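# Topology and contacts: notes
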Amino acid sequence: MSNSPDLPNQSLGILTLGAIGVVYGDIGTSPLYAFREALAQSGADGISRGEILGVLSLALWALIVVVTLKYVAFLSRMDNNGEGGVLSLMALARRATGGGWRIVLLLGATGAALFYGDAIITPALSVLSAVEGLRTIPGLETMSEPLILGVTVGILCGLFAFQARGTAGVAALFGPVCLVWFVALAALGLWQIVESPGVLAALNPLEAVGFLRGHGVTGLFVLGAVFLTVTGAEALIADMGHFGRRPIQLGWLALVWPALTLNYLGQGALALQALAHAEARGQVLANADWFFLLAPDALRAPLVVLATAATVIASQAVITGAFSLTHQAIALGLLPRLTIRQTSAQQIGQIYLPAINWLVLGGVIVLVFGFRSSSAMAAAYGIAVTGTMVVTTCLAFIIAWRHWQWDPIWAALLIAPFLALDLFFFGANILRVTEGGWVPLAVAGVVGLIIFTWLRGRRAATARTSAMGIELADFARALTARPPVRIEGTAVFLTQDLDLVPAALLHNLKHNKALHARSVLLRVETLPQPWVEPAARLVLDRFDQTFTRARLRYGYMDTVDVPSDLARSPGLLDGPGGTSFFVGRSAIRFAARPRLPRWMTVIYMFLHRNAADPTAYFNIPPNRVVELGSQIEL
């Protein structure tokens, strides 16, 4: 597929339903734990009415400012040919700045690294919080912790094991299930609001301001927990390429935002009712699992089942996001090639990356058994998401300034309040590093180190190859002076520098003592845009009768198919003798005068050795490939 899905061919209603099932899974399951955890930070010695209304007001206004104003109204307009997400924004910013600003690459790499920290926490936290709801069912109050953890891990292992089959067959159910989920959220909340309408006072932002002013440092811890209400907001822009801006905006404004608001108000109303009962008995109010207590006992079990289904869908969206982000990172050169399998013949975006799938599952299982409860795990959640939001806001400023051509002062004035709020949330979450917040930072650090090492290593390897290379013009003159034996056929040599003779060509000439009648030097490039039309991908430069230099340009969301795209040029591969593709296999060795620190060379060696077969990545048939080895000293 060469361009973005043809969204207008589908009705707005169908696209909106699809967006509800994919885009809003993460933020839609936040009511399971967000209000409970925020209230726990403020009510360690008993919960008061002011704390209930203050925490609730903070949550409601976080939804308004962060999600509705920042993401829905502003950032959703920043798309890269219809695609969103941190790497799409990075690509757009690089295009707008001519690719010369290193800060843009740094921001994109940081955002991508932080995403993986989020990707292992979301499935673990959401599914575990849903399964913990079993304890609120009458008769299951004493359900043991090992059983809770076992059920959680079983669900998660089943979910990740299913990825190899693809989700195209069941994805149609995501929208209807999540639609039922959001209607249930709204209905449960509305029921409690009718019982205690005084909770509507939380809509007044002064309740939030008064709470923060009166609670000092504790207020910052609460703010870090309140941020759980907006986790998943990044999906609003990350999935724009699948559904379009209007369906995502409509889904939020017409259903998701009202449902979340009503549910949080309902949880607050239930807490106010419980507070009144506790005060009547002369007791202090302890925190509780407010979400599941919204439902009467008879509906508690169906609610747990529905919540589990919603968290599985939310986890699926994150897993799919991890596959998509990794695919983009590979195409943009941030990560080494990995095995990518297409799981649907109809939907090109349905991909499966085995390495990412099992690494994320391993991280998820470690988190489940390491934290053992959703309350303990919640402390680890916010840092990765707030960090990504800071990155996104910084990229938004660069795009508004350089791509939209806004005056930098006006762009800064608009972005500054959003950036200040993001930094405020990030600072509040940093306070919880010792409680588990170090986990996503550690994951992001490892991924960041891999990205940095891969970029440095590739740059050093390219520089070493260029220093040892032979100019194509000099080589052509030498062949004219001493012509080698010619054989029929076309040889395609993959290379990074079209001005130098590929090492594979030199090795072939040295060992086989012959040269093909036609040689194509091919460079495959990824442009900072998601899609390139097939007719515009191939650029040819006929150097002489023997050599042709070719560039194949893809978008970072395109599927690479080198033979098919070369065949679009009449006569390029049609000559007698057939076509062979020559690929150089380079082994990394330590140099006497190293270009990289020894530890970095070791890591780069490992990444380079375990990168996926380039012929599979380029869709070249194995029976047409000739591999020739070489050595690069770093």
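Right above here is the structure, for reference.
Worth saying up front: this structure is predicted, and the values here are computed from it rather than measured. (Residues numbered from 1 in each chain as written. Predicted model: local features only at pLDDT ≥ 70, side-chain atom pairs only at ≥ 80, totals over all residues. Heavy atoms only, no water.)

### Overview of helix α17 (residues 382-403)
With 22 residues, α17 ought to run about 32 Å at 1.5 Å a step, and its terminal C-alpha atoms sit 30 Å apart, in line with that. Judged by how many residues are buried, α17 sits mostly within the fold: 17 of 22 residues are covered. After α17 finishes, the residue Q405 shows a positive phi value of roughly 65°. (Helix = DSSP H or I, 4+ residues; strand = E, 2+ residues; numbered from the N terminus. Expected span 1.5 Å × (residues − 1). Buried < 20%, exposed > 50% of the residue type's maximum accessible area, 1.4 Å probe, protein only.)

### Brief notes about the pairing of strand β3 (residues 485-494)
Bridge count between β3 and strand β4 (residues 514-527): 8 bridges; the pairing is parallel. Its bridge partner lying in β4, V485 is registered against A514. With 4 bridges connecting them, β3 and strand β7 (residues 579-589) associate as parallel partners. Within the sheet, the bridge partner assigned to F493 lies in β7 and is F582. (Pairing = 2+ DSSP bridges.)

### Quick notes on the packing of aromatic side chains
Within the structure shown, the criterion is met by 17 aromatic pairs. Measuring from ring centre to ring centre gives 6.3 Å for F74 and W404, while their planes differ by 85°; the resulting arrangement is edge-to-face. Of this pair, F74 sits in helix α4 (residues 49-74) while W404 is found in the loop between α17 and α18 (408-430), placing the two residues 330 residues apart along the sequence. Note on F74: relative accessible area 10%, which makes it buried. Note on W101 and W401: the rings are 5.6 Å apart at their centroids and 55° apart in plane angle, and the pair reads as tilted. With W101 in the loop between α5 (86-96) and α6 (102-132) and W401 in helix α17, this pair connects stretches of sequence that are 300 residues apart. Three or more aromatic residues link up through ring pairs in this structure, and these residues are F74, W404, W406 and F418. A cation sits over an aromatic face here: R402 above W401, 5.5 Å from the ring centre. Directly above the aromatic system of F590 lies the positively charged group of R598, at a separation of 3.9 Å from the ring centroid. (Phe/Tyr/Trp six-rings, centres within 6.5 Å; stacked < 30°, edge-to-face > 60°. Lys NZ or Arg CZ within 6 Å of the ring centre and 35° of its normal.)

### Comments concerning the packing of α5 against helix α14 (residues 297-331)
The interhelical angle for the contact between α5 and α14, taken along N-to-C directions, is 25°, at an axis separation of 9 Å. By the angle class used here, α5 and α14 are roughly parallel. Side by side, α5 and α14 meet where V86, L87 and S88 of the first sit next to L325, Q328 and A329 of the second. (Axes fitted to C-alpha atoms, helices over the stretch in contact; angles between N-to-C directions. Parallel < 35°, antiparallel > 145°, perpendicular 65-115°, else oblique. Contact = heavy atoms within 4.5 Å.)

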